[in-house]
Amino acid sequence: MGLPENEILEQVYGESTRSLERFKMLRKNFEKYFGHDECEFFSAPGRSEIIGNHTDHNGGKIIAASINMDTICAAAANGTSCVRVISEGYAGEILVELDHLEKISADSGTIALLAGLMEGADKRGFRTGGFDAYVTTEVIQAAGVSSSASFEMLICAVINGLFNGNRMACTDYARIGQYAENIYWNKASGLMDQMACAAGGAVLLDFSDKEQIKYENVPLSFREMGYEFLIVNTGKGHADLSGEYSAIPEEMAEAAAALGVERLCDSDEDTLLKKIELIKNDRAGLRAIHFYEENKRVEKAAASIREKDAKQLLELISESGRSSWELLQNCWSMENPKEQKITRTLALTELFIKKIGDGACRVHGGGFAGVIMCLIPLKNVNDYKSYISKYVGEENIYSISIRSVGAVQL
């Protein structure tokens, strides 16, 4: 039972010492629990949304990136119709019988997600089969870096590597992940999380074409621009906020209907301004304004990255954050408006940025609770960490780098 080659680990992780130790332990645990003589290794990163908050489900544009936190597994086909997964840190084995997927309910958590992935791959015309997998992750939970999408894309890589000769595309992965969340989790998921985890690097995503996801890599390195990319966990998870998340695409669709279209991408901001009085839900109207303005910012941000214009890029990211706070309104939960960990941490960070005269911050990911992202000048990083740790704890501050490789068989 071999291990990934050092050159491959260097390409994926930028080093091969620590990562090799992870895979040695992974192999040991896989052999211990499943007893296979051979296995394959797979990795799928978490993701960061750089700019383009809550636009994918209405055909919008986003810049997102794979990050240096990942979920890995050792896996092997088992010659049965059963998928068996052991996830480190979770009690018991996750078992899915491929011949009885209809018996799995949407409230069965990871079992339902795994079942949805297997069915989604089958419905897209790919081969599936029983396999055993031992999984471990460094993607932090409930913190806006898509631990669920990382797991989904990992399983897609397993299906691809074990049964389909690695002929599946990252867009197939994304569609399969979305299917699993929509059908087996009853979650109105878009495609951004999955694409960012699957594709690798920083990507400009365009979801305006329902049939084909458009994407292209953009050469983004915040460190080369002179900034540290940080995410700060504000101290509250968001597992119980699915209603808040679902309301955003629902209300954007409500606004689109008033404009006579299915999705906001099928109309424009001028039409919105002419017909906004037809939108009786004021918040839906505000969220529609956010959509159109955010799309413009994404296009400008892509140009800033290509031109290496850090100043403009940070200004756009800051504008995006203010729009999420004021128009999209996903920085706190209406269910408990007195608890505002995200807005409090943003306000505290903005005070620091104002003092040093440089940097940017915004809500990260789905919002309502969870994390913020910050871009802090390299020379000020230690001061910021010392400052913000007094409010959130040092253990909740993470330095992030963009990973060039997406979901992959190693």
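Summary of the structure given here. (Residues numbered from 1 in each chain as written. Predicted model: local features only at pLDDT ≥ 70, side-chain atom pairs only at ≥ 80, totals over all residues. Heavy atoms only, no water.)

What follows deals with the overall build of the protein chain. When you go through the protein chain residue by residue, the secondary structure sums to 13 helices and twelve strands. The C-alpha radius of gyration computed for the protein chain amounts to 21 Å, which stays within 12% of the reference 22 Å derived for 410 residues, consistent with globular compactness. Its C-alpha atoms put the protein chain at 60 × 50 × 40 Å along the principal axes. Buried positions account for 57% of the 410 residues belonging to the protein chain. Counting only carbon and sulfur atoms, one obtains 47% of the accessible surface of the protein chain, whose full area is about 17300 Å². On the protein chain, the mean spot of the 43 positive side-chain charges and the mean spot of the 59 negative ones are 4 Å from each other. (Helix = DSSP H or I, 4+ residues; strand = E, 2+ residues; numbered from the N terminus. Rg over C-alpha atoms; globule rule 2.2 N^0.38 Å. Buried < 20%, exposed > 50% of the residue type's maximum accessible area, 1.4 Å probe, protein only. Areas by Shrake-Rupley, 256 points an atom, 1.4 Å probe, with all protein chains shown as cover. Lys, Arg positive; Asp, Glu negative; His and termini not counted. Charge placed at Lys NZ, Arg CZ, Asp CG, Glu CD.)

What follows covers the side chain of E294. With respect to the element layout, E294 can be found in helix α10 (residues 282-306). In this structure E294 comes out as buried when scored by relative accessible area, which is 0%. Separated by 3.0 Å, the side chain of E294 and the backbone nitrogen of G52 make a polar contact. A polar contact is formed between the side chain of E294 and the side chain of R297, at a distance of 2.8 Å. (Polar contact = N/O pair within 3.5 Å; in protein donor to acceptor, adjacent residues only side chain to side chain.)

Residues separated by three or four positions in an α-helix point in the same direction, a consequence of the helix having 3.6 residues per turn. End to end, helix α8 (residues 242-258) covers 25 Å across 17 residues, agreeing with the expected 24 Å (1.5 Å per residue, within 8%). Within the sequence span of α8, burial applies to E244, Y245, S246, A247, I248, P249, E251, M252, A255, A256 and A258. Contact partners of the buried residues in α8: α9 (269-275), α10 and α11 (310-328). Within two residues after α8, G260 carries a phi angle of roughly 85 degrees, on the positive side. (Expected span 1.5 Å × (residues − 1). Contact = heavy atoms within 4.5 Å.)

Turning to the nonpolar core, a few remarks are in order. In this structure, V83, V85, V96, F131, M153, Y173 and F207 are the most contacted members of the largest nonpolar core, which totals 52 residues. Ignoring anything within four residues of it in the chain, the contact list for Y173 reads M153, C156, A157, N160, M168, A198 and A407. (Core = buried A, V, L, I, M, F, W, Y, C linked by side-chain atoms within 4.5 Å.)

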